[in-house]
Each structure stands twice: as C-alpha cells, then as structure tokens.
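Residue strings, one per chain:
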Amino acid sequence: MLQFNDIQVSPSQDCFLHNGKVLFDRKFMQVLKFHKEGLAAVADETGWFHIGLDGRPVYEKRYERTFGYYFGRASVNDSGQWCHLDTKGNEVYSHRFAWCGNFQESLCTVRDFNARYFHTDLKGEAIYSHRYRYAGDFKDGTACVRLENGLWQHIDASGSSVHPMKYLDLGVFHKSFAIARDERGWMHIDRNGRPVYQARFRTVEPFYNGQALVERMSGGRAVIDENGRIVLQLNK
C-alpha cells in the first residue's frame, strides 16, 4: 500500500513521483508534499485544494491557497480570510483570521484583523489574552513574540514570560540556547535569558553539536564553542 513518505514532489513541483514515475497520471499547476495524514495541498485551474493518496480531491470547495496538514489541521486562505480545515475538509471553527500559521506542538500562530498576533489551540481558541506585534511558532514549549515597544521576549504556552530579559532580536531555544541581539550585537543566551559569554558578533547561528558559526564584528567568519571561544578561524 502506498505510504505518504514513499511519494516525492517532482523537481518542477507540478506533480508527484513514486519510484521515479508520475503518480495519478496527471500534473497540477503546483503541489506541496504529502504529510503523515496522507493528504497534500495542490493547485489546478480551479484553485487550491487537498488530495488523498488516491489522487482524488478530499472536498469540492476551492481556496485561494492551501497548505499542508499539521496535527490534523491545514491552514487555508479563503478569499483573504484564513482558517483551518480538518482531514475531511471541514472548517474546524466558524471564525476567521487575517492569517494562520501551521500548528506546532498543538498550538498555532495567527494574526487578527487588527494586525495583532497570538496563539490558538486546536479548536482555534486563543490560549491567552495577550496580543503581540508578532508571534512565532512554539518549539520545546516556548515561542518568540514582539512586544508593542518593539522588543522581543520568550513566552510559554500560558503567554507568561519565560524569563525577564528582552532583546532587540530573538530566536527560539535550540538545545538549551537561543540566539539574541542587544545594543552590542548578536550572542547566545541560556534558558534564563542571560548571555552565556561576553563577546558579541555581527551574526550568529544556533549551536550545532556544541559549536556555532558566527561573523565577527571586524569581518570574517569563525566557529565558536558554547563558552564563546573561537575554535576555528574560517577567514580573516
């Protein structure tokens, strides 16, 4: 039996391949990959919709845009009003958003019609009362949000601050560290929001097995360890 991970998107992104052969004997205007629900977002001359592993549409309605399924939910754009569908193509809730993200850790970033961001649960209900200028996806229980004053902070699933620190720019935590920028430049911070070293850099990447690529303020790139020490100079 055909499995979702046996199917590839063609290099031209207009059809699906299995063992190098075109599936379903047809091409589309555009396709996105199949997800574990066995469904994929596709577009033809009628609009965007979802198909199953048999290549047939799951529902009759067409959308301005559809995206992949995450946690049994797919984000769709219905003429500028966004919502989520379940795996049968039914709308999960009756209200609409100005934009919807994808569910991560059973939570989803959305934007309302007042240009404010927040997170919802699988039923499309806000999980806290706060509203933000921007909100990113949850990862390992935390998300980055931008406050009204333009600063960024980490929040948990209740909308509470994870730590008291706020930064000019901020990334999600990855293996106990996050990238952050203050007035001096970019660095890595720990779960308490504190810098893990004194140095600052023009750019930094998340740590990868204890080391990270950075660009020095003086120019050139290097690799640092979790203490901020340069372990390799890549160029001058």
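Note that this is a predicted model, so its numbers are computed, not measured.

**Brief notes about the pattern of salt bridges**
Between side chains of opposite charge, a pair can form when the charged atoms approach closely. Counted by the stated rule, this structure contains 10 salt bridges. One salt bridge connects R181 with D169, and the closest N-O pair in it is separated by 2.6 Å. Here R181, found in strand 17 (residues 178-182), pairs with D169, found in strand 16 (residues 169-170); they are 12 residues apart in sequence, far enough to count as distant. In this structure, R229 engages D225 in a salt bridge whose closest nitrogen and oxygen atoms are separated by 3.2 Å. On the basis of relative accessible area, D225 is assigned to the buried category, the value being 13%. Here the salt bridges share partners, and the residues they tie into one network are R202, E215 and R221.

**Some thoughts on the environment of T142**
Mapping T142 onto the fold places it in the loop between strand 13 (134-135) and strand 14 (143-146). As for T142 and F118, which are separated by 24 residues in sequence, their C-alpha atoms are 13 Å apart. Once residues lying within four places of it in the same chain are set aside, the contact partners of T142 are D137, I155, V162, F173 and R191.

**Let's talk about the sheet that holds strand 3 (residues 21-22)**
With antiparallel pairing, the three strands of this open sheet are ordered in space as 1-2-3. Two strands close off the open sheet at either side, each with one partner strand: strand 1 (8-9) and strand 3. Relative to strand 2 (residues 16-18), strand 1 runs antiparallel, the two being bridged by two bridges. Directly across from V9, in strand 2, lies its bridge partner F16.

What counts, and at which threshold
Residues numbered from 1 in each chain as written. Predicted model: local features only at pLDDT ≥ 70, side-chain atom pairs only at ≥ 80, totals over all residues. Heavy atoms only, no water. Salt bridge = Lys/Arg side-chain N within 4 Å of Asp/Glu carboxyl O. Helix = DSSP H or I, 4+ residues; strand = E, 2+ residues; numbered from the N terminus. Buried < 20%, exposed > 50% of the residue type's maximum accessible area, 1.4 Å probe, protein only. Contact = heavy atoms within 4.5 Å. Pairing = 2+ DSSP bridges.

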